[in-house]
Amino acid sequence: MVGVLVLVAGFASLMLLFQPRRPVTRPVPLATGVRGTGQEGGLVPDLAMHRSDGEIVRIREYRPGVLAVLPPSCDCEAQLHVFGVAATQHHLSFLLVGTDLPPAPADLAEHSVIRAGEPTGQLVKAYHAEKRPVLLLVRADGVVNRLLTTEPSASALDGELAVLAATGAVGQR
């Protein structure tokens, strides 16, 4: 009986060690946007940001995803929570970018929100995010699929994010 158990344990260990290789999703190459950088139909801006863990990253690394450009004094936690939950449900990156490091919305897991500061304020100026967040819905190829300056309805947002999710998941961290 002991011998059989040892044999079974040995085979189980070998099966764990020598699993078949799983296919790895290769990054989708950046598209060549028809429009200017940052506009609908153009590539998402390629700016460096300071992530909450101190690492410097590029915005284009988080695609497909939802990029929320936040005004300096944003009282928009409820909106961000809704956007974050929707992005998480569709397995998309949810990136909060402000001139300072923005706080994570309450009730969202820290790993589902990427918080980053962009101290130059170029994004806030470019998208006129002075009173409310501006959402950029970025496809896997880096193209801004939609630019939302007003809060979408839950069903409209869900439809938009389903389209993004269908473009494939790459660059998520």
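Our structure's up above, just so we're on the same page.
Not measured: the values here are computed from a predicted model.

Asks: I'd love a proper account of helix α2 (residues 77-89), names of residues and values included.
Replies: With 13 residues, α2 should reach 18 Å at 1.5 Å per residue; the first-to-last C-alpha distance of 18 Å fits that figure. Within the sequence span of α2, burial applies to Gln79, Leu80, Phe83, Gly84, Ala86 and Ala87. For α2, the angular spread of the buried residues around the axis is 165°, confining them to a single face. Exposed side of α2, more than 90 degrees from the buried face: Ala78 and Gln89 are the residues found there. Buried residues belonging to α2 abut β3 (65-69), β4 (93-98), β6 (134-138) and α4 (154-166). The first or second residue beyond α2 is His91, which carries a positive phi of 60°.

Asks: Kindly report on the pattern of salt bridges, identifying the contributing residues and their values.
Replies: Evaluated as defined, the whole model comprises six salt bridges. Between Glu55 and Arg51 there is a salt bridge; the shortest N-O distance is 2.6 Å. For Arg51, a relative accessible area of 14% gives the class buried. Put simply, Asp141 and Arg139 hold a salt bridge, and the shortest N to O gap is 3.0 Å. Residues joined by salt bridges that share partners form a network here, namely Glu40, Arg146 and Glu160.

Cut-offs applied
Residues numbered from 1 in each chain as written. Predicted model: local features only at pLDDT ≥ 70, side-chain atom pairs only at ≥ 80, totals over all residues. Heavy atoms only, no water. Helix = DSSP H or I, 4+ residues; strand = E, 2+ residues; numbered from the N terminus. Expected span 1.5 Å × (residues − 1). Buried < 20%, exposed > 50% of the residue type's maximum accessible area, 1.4 Å probe, protein only. Arc of directions from axis to C-beta. Contact = heavy atoms within 4.5 Å. Salt bridge = Lys/Arg side-chain N within 4 Å of Asp/Glu carboxyl O.

These figures capture arrangement, not role.
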